[in-house]
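What follows is each chain in one-letter form.
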Amino acid sequence: VRLTLSLSAHSPLQSKAVYFLRSLLHYHPPLPIIGITATMKTNQIGLSLLASALFHFTIFTIKNSFFGQAFTPVSSSRSRISASSLPVTQQDIMFADNTHSSVSNYYGQTLQKSEDLQTNACCTAASPAPHIRSAIANIHPSVIAKYYGCGFCVPDEVEGMTILDLGCGAGRDVYIASQLVGPKGRVIGVDMTEEQLKVARETQPYHAEKFGYDNVEFHLGLIEKLDDIESLKDGSVDIIISNCVINLCPDKEAVLKSCHRLLKPGGELYFSDVYASRRVPEELQKDEVLWGECLSGALYWNDFQNMAKRCGFKDPRLVEDAPITVENKKIQERMEAMGHKNLEFYSATYRLFQLDCLEPHCEDYGQAVIYKGTIPRFESGWALDDHHYMEKGKVFPVCGNTYNMLKETRFAQHFDFIGDFSTHYGIFDGCGTSMPFKSSQENGGVSTKGGGGCC
């Protein structure tokens with residue numbers, strides 16, 4: 001006996017109803033319900049009412065008729081089955097599935113354009129560099145309208161490179177990168193939201209004609225399960241980018257492990273995301289709006305750094321950061337009512353190099369580098385991260401890790417190198433473990449992005 005439900009979900013409530021029924025049929029024996037098929041095609045209000053009635057009627061009927069008190073509906077978004085009845089691993093799977101469903105619905109249906117966002121976490125206030133601004137001007141307006149990011153996450157010196165964009169959405173950053181890598185390069189976009197990818201693919205001929213070449217491809221999939229995409233091979237990617245997406249994933253460690261595996265030696269993960277000043281409480285993690293707005297899924301900054309090191313990225317480097325001010329009175333009041341007024345969020349861009357030769361801390365070997373001034377657009381000086389700005393022609397002392405980040409990567413041709421690893425002089429001055437964000441109150445509250453306010 002089978003219950004078949006064909007429901008076009010147009011709201012979070014309808015999605016929950018569908019998810020509940022699927023979970024129920026998956027985790028319990030077939031119910032004694034005979035051949036019910038519900039096909040719903042009506043307006044938005046009618047769908048919501050019908051989905052709500054179906055959802056609550058099903059709970060009531062099953063609870064009282066079939067399972068008695070053994071089945072208790074739970075309001076938490078983490079699980080639609082009683083948490084105590086499931087082993088931890090199964091509960092985590094259900095949390096992940098529900099999170100994916102919620103995020104996909106939020107970005108595929110709830111948000112139709114950038115202006116629909118309820119906070120400023122997924123927006124970019126700082127003005128892009130001139131070459132990025134020129135690239136954006138060539139992108140189709142429908143792609144720009146569906147951009148939900150928190151930074152500009154395409155690094156320097158990428159011509160001819162293979163770039164992978166995780167959570168590419170409608171393809172804005174893919175099409176920026178497409179222009180920067182040129183016809184000899186390649187850009188791959190991965191996203192789990194069909195509605196977003198539809199826009200990216202439909203505008204692909206437009207961009208091919210505009211750029212004079214087509215060097216992009218798009219794949220539907222979860223960025224926690226990149227193994228499922230057959231064309232992605234180990235050690236095949238030069239640079240991985242991601243724009244305010246990894247925080248949306250329930251299994252962030254799986255994402256970082258896959259990135260380390262896919263990168264070529266000397267390649268890097270260069271991405272913008274949201275981080276928290278402390279671990280986000282579980283009650284906030286259950287808030288679907290806050291999760292979809294890139295806040296409640298944010299990692300505590302120190303947990304992120306430790307996770308990155310476990311995944312093989314031994315020395316995460318902060319490029320820039322800025323504080324996030326929610327600027328939504330209702331959401332601010334909700335967080336304060338829960339007792340989390342002092343929880344702070346930051347948007348930050350990190351670069352993580354795939355280099356086995358890096359050490360866990362910055363060690364001093366008496367080395368230095370001299371920048372040649374040859375990276376395009378940076379003739380006077382260039383910054384590796386937020387505390388390594390190197391002027392052309394000036395001897396710049398560096399730790400062993402910075403030395404290798406420049407010598408064993410695509411940047412080597414732009415530097416002269418002084419010294420080796422024959423003598424160790426101890427820890428490099430200034431290597432600490434305090435909060436890295438210069439825009440935090442304890443570090444003076446100055447944004448390194450230069451744009452302030454938003455991401």
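Refer to the structure printed above.
What you see is a predicted model; the values in this text were computed from it and never measured.

(A) Focus on the overall build of the protein chain. For the protein chain, the helix and strand inventory stands at 14 helices and 15 strands. If you take every contact in the protein chain between residues at least 6 apart in sequence, the share linking residues at least 24 apart comes to 78%. Per element, the accessible surface of the protein chain, about 20,500 Å² overall, is 52% carbon and sulfur.

(B) Here's a closer look at the pairing of strand β4 (residues 186–191). Across the six residues of β4, five count as buried, placing the element largely inside the fold. By the bridge criterion, five bridges tie strand β3 (residues 162–166) to β4 in an arrangement that is parallel. For I163, the partnering residue across the bridge sits in β4 and is V187. Two strands pair when backbone bridges link them, and β4 and strand β5 (residues 216–220) are joined in this way by five bridges, in the parallel orientation. Its bridge partner lying in β5, G189 is registered against F218.

(C) Region of the structure containing helix α12 (residues 301–310). Of all the positions in α12, only W301, F304, Q305, M307 and A308 are classed as buried. The arc that holds every buried residue of α12, seen down its axis, measures 165°, which confines them to one face. The elements touched by buried residues of α12 are α9 (252–262), β7 (263–276), β8 (299–300) and β10 (345–353). Of the residues flanking the end of α12, it is G312, one or two places downstream, whose phi is positive at about 105°.

(D) Main features of the nonpolar core. Core analysis: the largest hydrophobic core is formed by 36 residues, its most contacted members being L164, I240, F304, Y350 and F437. When contributions to this core are tallied by element, the ones reaching two or more residues are β3, β4, β6 (237–243), α9, β7, β8, α12 and β10. Those residues within four positions of L164 in sequence are excluded, and the remaining contacts are I188, V190, L232, V237, I239, I240, I241 and L262. In this structure, V154, I163, V181 and V216 belong to the second largest nonpolar core, which totals 29 residues.

(E) Region of the structure containing the pairing of β3. With five of five residues buried, β3 lies mostly within the body of the structure. Here β3 shows no split at all, with T162, L164 and L166 on one side and I163 and D165 on the other all buried. Each parallel crossover has a hand, and the one from β3 via helix α6 (residues 172–181) to β4 is right-handed. In terms of strand pairing, β3 meets β6 through four bridges, oriented parallel. When the sheet's bridge partners are listed, L166 is paired in β6 with S242.

(F) Quick peek at the sheet that holds strand β14 (residues 395–398). On the basis of which strands lie adjacent, the open sheet formed by three strands has the order β14-β11-β15 and antiparallel pairing. For this open sheet the edge positions go to β14 and β15 (415–418), each flanked by a neighbour on one side alone. Between one strand and the next, the sheet's axes are offset by a mean angle of 30°, whatever the strand orientation. Pairing of strand β11 (residues 367–371) with β14, which is carried by four bridges, proceeds in the antiparallel orientation. Note that in β14 the partner of A368 across the bridge is P397.

Rules of the game
Per chain, residue numbering runs from 1 following the sequence as it is written. This being a predicted model, a pLDDT of at least 70 is required before a residue's local features are given, and a value of 80 or more before pairs of side-chain atoms are given or counted; all residues contribute to the totals for chains, interfaces and linings. For the side-chain quantities, the full set of heavy atoms in the structure was used; hydrogens and water were omitted. By the criteria applied, helices consist of DSSP H or I runs no shorter than four residues and strands consist of E runs no shorter than two, each listed in order from the N terminus. Should any heavy atoms of two residues lie within 4.5 Å, those residues are counted as being in contact. Only the protein chains shown count as cover for residues, and all accessible areas are computed by the Shrake-Rupley method using a 1.4 Å probe. Accessible area is worked out with a 1.4 Å probe on protein chains only. A residue is then buried under 20% of its type maximum, exposed over 50%, and partly exposed in between. Criterion used throughout: strands pair if DSSP finds at least two bridges between them. Throughout, the arc means that of the directions going from the helix axis to the C-beta atoms. Here, the term nonpolar core denotes a set of buried Ala, Val, Leu, Ile, Met, Phe, Trp, Tyr and Cys residues that are joined through side-chain atoms within 4.5 Å. Here, the term right-handed applies to a crossover whose path from the first strand over the helix to the second runs clockwise when the strands point away from the viewer. Angles shown run from 0 to 180 degrees and are taken between the N-to-C directions of axes, each axis being a line fitted to C-alpha atoms and, for helices, limited to the stretch in contact.

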